Amino acid sequence: MTYKQAAENEWQVKKGEKGTRIEFWEVKQQPDAKNEPDQPGDGLSGERDRRFIHRIYTVFNAKQIGGIPPHAPKERTEFEAVEAGERILSSSGANIHHDQLDRCFYSRGTDSIHLTPKEAFKDAPGYYGTALHELSHWTGHPSRLNRSTLNESYRFGDSTYAREELRAELASLFIAAETGIPHDPASHAAYVGSWVEVLRKDKNEIFRATHDASAAADFVLSLDKERTKSLPEDKTESQPERQN
């Protein structure tokens, strides 16, 4: 947090501590942009109507601040994590098949996700990390977020493909962090080389990628929230147990 934010909470940045400069990017619609949805197939229509607001802040880590209480992250059991993963996949309504022997992918042509059987993964984090990665690709379909990096990628390894892979991996990480689903970044380490090359060519690509990944994660999480709200309450929970 910033020095001001710490002071507002009656905490004090320790004497002699040096802050870290961070960049904050906010995406806003152009004042004259029409309130019309992007047209399917036009991967640039949304880009033209957006402008990026850039700010720089100096922030301090919690360890540099006196009086701040220790962070206590919510611990989730393995069962809860698996339950959350299954719920997210089911709530999406995506067409998911476990019909592959040694690869996992999202098919734009059939708008479907193809995975190996769960038993092929060494653990739950490996399976759900991969499934959420492919589900993140799924969000870019023209009928959903119409993401240009997905719909304008033509072959494995091209620059647009690498940009889309970066978005999918970031989105899966965001979803995992929000729901407590374990995430294993090593399962997608093979893509790192192509990401680095893209980022070297355009220093602002990481900000665009993060924005698009955040939108993808929000899309997936919103589907889960909508489904949860529509489920009927379990009336049996409020009734006393029958005594035999």
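Anything mentioned here points back to the structure above.
Residues numbered from 1 in each chain as written. Predicted model: local features only at pLDDT ≥ 70, side-chain atom pairs only at ≥ 80, totals over all residues. Heavy atoms only, no water.

Draft legend 1. Representation of the sheet that holds strand 5 (residues 96-98). In spatial order, the strands read 5-7-6; together these three strands make up an open sheet with mixed pairing. The open sheet has two edge strands with one neighbour each: strand 5 and strand 6 (105-107). In this sheet, adjacent strand axes meet at a mean angle of 25 degrees when their direction is disregarded. Bridging between strand 5 and strand 7 (residues 112-115) involves three bridges; their strand directions are parallel. Each residue of the ladder has a partner; that of His-97, found in strand 7, is His-114. (Pairing = 2+ DSSP bridges. Helix = DSSP H or I, 4+ residues; strand = E, 2+ residues; numbered from the N terminus. Axes fitted to C-alpha atoms, helices over the stretch in contact; angles between N-to-C directions.)

Draft legend 2. A look at the side chain of Glu-134. Mapped onto the secondary structure, Glu-134 falls in helix 4 (residues 124-138). Buried and unpaired, Glu-134 has Arg-147 as its nearest opposite-charge partner, separated by 9.6 Å. For Glu-134, the contacting residues outside a window of four places in its chain are Cys-104, Phe-105, Tyr-106, Ile-113 and Leu-115. (Buried < 20%, exposed > 50% of the residue type's maximum accessible area, 1.4 Å probe, protein only. Lys, Arg positive; Asp, Glu negative; His and termini not counted. Salt bridge = Lys/Arg side-chain N within 4 Å of Asp/Glu carboxyl O. Contact = heavy atoms within 4.5 Å.)

Draft legend 3. Representation of helix 3 (residues 78-92) within the structure. Taking 1.5 Å of rise per residue, 15 residues should cover 21 Å, and helix 3 covers 22 Å from first to last C-alpha, within 8% of that figure. Taken together, the buried positions of helix 3 are occupied by Ala-81, Ala-84, Gly-85, Ile-88, Leu-89, Ser-91 and Ser-92. A positive phi of about 75 degrees marks Gly-93, the residue just after helix 3. (Expected span 1.5 Å × (residues − 1).)

Draft legend 4. Structural view of the pairing of strand 7. Alternating residues of strand 7 divide into Ser-112 and His-114 and Ile-113 and Leu-115, and every residue in both groups is buried. Where strand 6 lies against strand 7, three bridges are found, and the strand directions are antiparallel. Residue Tyr-106 lies in a different strand from strand 7, and its bridge partner there is Ile-113. Here strand 6 hands over to strand 7 after four residues, with Asp-111 in that stretch at a positive phi of 50 degrees.

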